[in-house]
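Close look at the chain arrangement
The residues making up each chain are set out below.
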Amino acid sequence: MPARTVFTHCGRMDHGGCRLKVSVKDGRITSITGDRQGYLNAGYSCAKGRALAEVHESPHRLKTPLIRAGDRGADQWRQTSWKEALDAVADGLDRVRQRDGAKSVAFCQGMPKGLEHFALIRLANTFGSPNLVAVQDVCHAPRELTGRHMCGFYPVADMHGKSELVVLWGSNTRATNEEGIISSLVLEKIKNGAALMVIDPRKTGLAGRAQYHLHLRPGTDCALALAFLHVIINEKLYDKNFVREWTIGFEEMADHVESFDPGWAAGITGVDADLITRAARAYAGADPACTAWGNAVEQTPEAFDTIRCLVSLMAICGNLDVPGGNIRAAEPRLMPPGKFVRADLVPEKRTQYLNAYYGTSEKLMTVPPAFFRKAVIDETPYPVRAAYMQCTNPMLSYADSQTTRKALLKLEFFAVSDVVMTPTAALADVVLPAASQFEFDDIGHYGLGHGIILARPMIVDPPEQCRPDLAIINDLGRRLAGPELWFDSYGQMLEALLAPSGLAWHSFAQKGFLKGEKTRRQYESKGFSTPSGKVELTLTDAESLCASALPQYGEPPGKPDQDFPLLLTSAKSPNYLHSSYRWIKSLRRREPDPTVQVHPETAQTLGIKQGREVRIETKHGAIIQRAEITSKIRPDVACASHGWWFPEKGALSEESWLRSNLNAVTSSEERGKQFGTPRLRGIPCRLVPVKNTEAKLMSS
Ligand SMILES: Nc1nc2c(c(=O)[nH]1)N[C@H]1C(S)=C(S)[C@@H](COP(=O)(O)OP(=O)(O)OC[C@H]3O[C@@H](n4cnc5c(=O)[nH]c(N)nc54)[C@H](O)[C@@H]3O)O[C@H]1N2
Ligand SMILES: Nc1nc2c(c(=O)[nH]1)N[C@H]1C(S)=C(S)[C@@H](COP(=O)(O)OP(=O)(O)OC[C@H]3O[C@@H](n4cnc5c(=O)[nH]c(N)nc54)[C@H](O)[C@@H]3O)O[C@H]1N2
Ligand code: SF4
Ligand SMILES: [Mo]
C-alpha cells in the first residue's frame, strides 16, 4: 500500500493539543511531526508526541483481556475473551451494587486523557453511583473551582491575545505544555514583546529568560501572593474603576493585607523583599498581564487561599476577562458535559457522595482519593467494596502509596483498563487491554474549560485485541444500565456529542478543531455569576466552605527542623507523563533514572555526589533517586521526580513500584477542607547519600 499522511492531534502524552502530521505505511506509523497549521502548537512537537509510534508497537502493551488466576497480586493470569472479561467486570460490580447499594462501587479515573473521562462519569451515573474518584484534588479542580467561587468562571490565560506580561506561577510550560498552553504560544508572546515573570523554586529554562524570577521556597505561594496584594493596594496601583464597579470586599481586603508586607513575605518565601515589590508593581503595571498557573499553586492544603489571592490579583489589576489577560473561555456548541454524563440520573449526588461527609466545596464533583481509600479501609462514612479504574495508576499517583496498596488489596472486586501491566493493574481481578492514541476516534479537551475541542481521528488499528475505553465503557454501560441509556457503538457517542455543532464526526475530523465564540468582558452586560454578581474578594458563601471571607496565610504544620531541614517538592519530567511510558525506549534513553535536584552547597555539606544514589527521607517513608547537582535550585530545597516505577522489574516487586516512588514519602493525613488536597509541595525532608552496600534498600 502507498504511504499516506494524516493530520490529527496529539493526546495521551499530556493533555494533548499539538496538531501532528502522521505518515503511515502498511499499518505502521513511519513519521510524526508537528504541523505548522496547529492552532495551539504552530509546528511544535515534543519527544513524547513523536514517540507515539513506539506506544503503538511496544511489546509491553497488554494485548488480551486477563482474569486473575491466583491470589490477589500473585501475578497469575488467565487470558480470556472480551465477552468473558466484560461479563466478569459487570458481575463483579453488580454483585456489590445488589448487596450494598450503587454507592459502594467507585469509578476511578486519572488525568483525563480524552473523552473516556466523561464517558466514565456517564457510566457511574447510569450505574447509579455518586462516587467518581479522580486526581482533581491535586490537579485542576482547585484552580477551576476557586475561580468559579470568586468570579463565576475558570480564568484561563489568554494565549492568543496580546499581553504585556506573562506570569508563569508554579507552571513550567516549557516541559509540561500545560492544559492547552503549548510552550510555543508562550515563546510567541515573548517574541511579540511580552515580559516574563516566573515564580518557581527552580531556575527553569524559561526562568533563565525572565525579567523577574521569584525563586521562592515551595509551599509558600500564598504568602508571596498576599504580599503582591499588599504592594498593589498600598501603592494604589490597582484598577480603581474595576474595583469600584465589579468587586465586593475591597476595603476589607485592603485592611486585611496591611500586615502582609514584602518584608514579612521575604522571611517566609525566601524571596528578596525588594524583588517582591518590583514584581508586584510590574504585574499591576502590565496592560494586561496573563497568569498561567500550574500544579504548584494547588498541591497544598492551602490551595484555596493561595488561588483566591491569585484571582484577587487578576481582578483588582483589571486582568480578568480582558483580551490577553485571564479569560472566560466560551466552549464550542456541543452537548453540554452535564447532559452528556447524564447528571440528571443522580440528583442526590451532593448528599450521597463521599465528599458530603467531609464537607468539601459542593462544586467538587469528583471524590478525592483519600476519601475513597478511607471508605474502603475503614468503611467511613460507608463501605466502598468495588472499583472500576481506567487511565490511572493510583499506586504511583495518589499521595501515600502504602495506604493505596492496602485499599486496593481490600477491595472485594476491582478491574483496571490500561495499556500496560502497571503496579495498580497487577493487583486487580480483571485487566482490560486499552487501545491508545491513533488507534481510535477520540475528542480532546472536551469539558476542560479551554474553549476548544480537538479531533483525534484513528490512524492505525489497535494491536490484537486492544479496544478503546469508549467502546469498553459503552459495552459495560449496556450491560450494567441497559442499552436504552447507551449507544449502539461508541461512534454514535461521538456523533451525539457533536450534534449541536451541526457537524458529523467525519466533517469534524476533517476540520480538526472547534472553538467557542470569542466573548470578552461579558460581565459588563451580565455581571459575574456569583451570589453578589461581582468578583467576590470577600466570599459571600465563605462559611459554607469552612473558610474565612478573606484568604489567610497559615504556617504549614510541618516546618523544616533539625531532623528534616530541606523542603521537598517535584516537577514533571518533559520526557514522561506522570507514571506512564518508562517502557518506551527512546524516552527512557533520554531519561534512564529518576533524579532529585540538589544545590551544590547542599550536596557538599551532605557528601552527595553527582549521579549517585540518594535516599530521600520524610516523616512518611524513604525512597531512592539519583542526585542531579545543580545551582538552578534553592539550597534549602530538594526537587524529586514524580511517577517512577521500573517496568523492567515487573509491576509487583518493591524494587519496581516502591524504590523511587515519590508518593511513598507523601501523606494525605493533612488535607485542605474545600478540595481534600494533600501536601505534595514543601514537605520537610532530608537527603542521605546511599552507600553501595545499602543501595538495594527498600522498605528496610
Ligand atoms: N507526588 C505527586 N503526585 C502527583 C502529582 C505530583 O505533582 N506530585 N501530580 C498529580 C497530577 S497533576 C495528576 S493529573 C495525577 C496523574 O495520575 P494518573 O492519571 O493516575 O497517572 P498517569 O501516569 O497519567 O496515567 C495512569 C495510567 O494511564 C494509562 N493510560 C494511558 N493512556 C491510556 C488509555 O488510553 N486508556 C487507559 N485505560 N489507560 C491509559 C497509563 O499507562 C498509566 O498507567 O498524578 C498526581 N500525583
Ligand atoms: N511532560 C509532561 N507534561 C505534562 C505532564 C507530565 O507528567 N509530563 N502532566 C500534565 C498534567 S496532568 C498537569 S496537571 C500539568 C502540570 O504542569 P505544571 O504545573 O507545569 O507541572 P509541574 O512540573 O508539577 O510544576 C511546575 C513548576 O512548579 C515548580 N514548583 C515546585 N514547587 C513549587 C512551589 O511550591 N511553588 C511554585 N510557585 N512553584 C513550584 C516546579 O519547579 C516546576 O517547574 O502538566 C501536564 N503536562
Ligand atoms: S507537547 Fe504535548 S501535545 Fe505536543 S507533542 Fe508533546 S505530548 Fe503531544
Ligand atoms: Mo494533572
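What counts and how
- Residues numbered from 1 in each chain as written.
- Chains lettered and ligands numbered in written order.
- Predicted model: local features only at pLDDT ≥ 70, side-chain atom pairs only at ≥ 80, totals over all residues.
- Heavy atoms only, no water.
- Patch = residues over 30% accessible without salt bridge, like charges linked within 9 Å, V, L, I, M, F, W, Y side chains within 5 Å.
- Areas by Shrake-Rupley, 256 points an atom, 1.4 Å probe, with all protein chains shown as cover.
- Salt bridge = Lys/Arg side-chain N within 4 Å of Asp/Glu carboxyl O.
- Lys, Arg positive; Asp, Glu negative; His and termini not counted.
- Charge placed at Lys NZ, Arg CZ, Asp CG, Glu CD.
- Buried < 20%, exposed > 50% of the residue type's maximum accessible area, 1.4 Å probe, protein only.
- Core = buried A, V, L, I, M, F, W, Y, C linked by side-chain atoms within 4.5 Å.
- Helix = DSSP H or I, 4+ residues; strand = E, 2+ residues; numbered from the N terminus.
- Near = heavy atom within 4 Å.
- Nonpolar A, V, L, I, M, F, W, Y, C, P; charged D, E, K, R; others polar.
- Polar contact = N/O pair within 3.5 Å; in protein donor to acceptor, adjacent residues only side chain to side chain.
- Phe/Tyr/Trp six-rings, centres within 6.5 Å; stacked < 30°, edge-to-face > 60°.
- pLDDT = per-residue confidence, 0-100.
- Contact = heavy atoms within 4.5 Å.
- Arc of directions from axis to C-beta.
- Pairing = 2+ DSSP bridges.
- Axes fitted to C-alpha atoms, helices over the stretch in contact; angles between N-to-C directions.

Quick notes on a negative patch on the surface
A contiguous patch of negative charge on the surface is contributed by Glu 251, Glu 252, Asp 255, Glu 258 and Asp 261. Under the relative-accessibility criterion, Glu 252 is labelled partly exposed at 43%.

Structural notes on the nonpolar core
Ranked by size, the top nonpolar core spans 75 residues in total, and within it Trp 169, Met 197, Leu 214, Phe 228, Tyr 283 and Ile 316 carry the most contacts. The leading source of residues in this core is helix α8 (residues 221-234), at 11 residues. Cys 108, Ala 387, Ala 407 and Ala 638 belong to the second largest nonpolar core, which has 59 residues in total.

Thoughts on the site of ligand 3
Around ligand 3, the neighbouring residues are Cys 10, Met 13, Asp 14, Gly 16, Gly 17, Cys 18, Tyr 44, Ser 45, Cys 46, Lys 48, Gly 49 and Asn 177. Its residues assigned to classes, the shell around ligand 3 shows 5 nonpolar, 5 polar and 2 charged.

Brief notes about the site of ligand 2
Close contacts around ligand 2 come from 33 residues, with Thr 176, Asp 200, Arg 202, Asp 221 and Tyr 576 the closest. One nitrogen or oxygen atom from the main chain of Gly 219 is found 2.8 Å from an oxygen atom belonging to ligand 2. Contact between ligand 2 and Ser 573: a nitrogen atom at 2.7 Å from a main-chain N or O atom of the residue. Protein contacts shield 99% of the accessible area of ligand 2, which totals 920 Å² for the unbound molecule. Only α6 (173-176) and β22 (566-571) provide two or more residues apiece to the shell around ligand 2.

Quick word on the packing of aromatic side chains
Counted according to the given criterion, the structure contains 23 aromatic pairs. Pairing Trp 246 with Tyr 523 gives two aromatic rings, centres 5.1 Å apart and planes at 70°, and the pair type is edge-to-face. Of the two residues, Trp 246 is situated in helix α9 (residues 240-246) and Tyr 523 in helix α23 (residues 523-526); the sequence distance between them amounts to 277 residues. An identical accessibility class is assigned to Trp 246 and Tyr 523; each is buried.

What to know about the confidence of the model for the protein
Residue-level pLDDT values for the protein average 95, and 99% of them are 70 or greater. Across residues 695-700 the pLDDT falls below 50, and counting only partners more than four positions away or on other chains, this stretch makes 16 contacts in the model.

Some thoughts on helix α10 (residues 250-257)
Looking at α10, one finds that the buried residues are Phe 250, Met 253, Ala 254, His 256 and Val 257. With its buried residues spanning 165° around the axis, α10 presents them on a single face. Facing away from the buried side of α10 by over 90 degrees, the exposed positions are Glu 251 and Asp 255. Against α8, α9, β12 (247-248) and α13 (303-316) lie the buried residues of α10.

Brief notes about helix α7 (residues 183-191)
Those residues of α7 lying buried are Ser 183, Ser 184, Leu 185, Val 186, Lys 189 and Ile 190. Tucked into the core, α7 has its buried residues touching β9 (165-169), α6, β10 (195-199) and β13 (289-293). Note on α7: the residue one or two positions beyond its end, Gly 193, has a positive phi of about 105°.

Description of the sheet that holds strand β20 (residues 513-515)
Within the open sheet, the 3 strands sit side by side as β18-β19-β20. Their pairing is antiparallel. Each edge of the open sheet carries a strand with a single partner, namely β18 (442-444) and β20. Taken over all neighbouring pairs, the strand axes of this sheet differ in orientation by 20° on average, direction set aside. One ladder, built from 3 bridges, connects strand β19 (residues 452-456) with β20; its direction is antiparallel.

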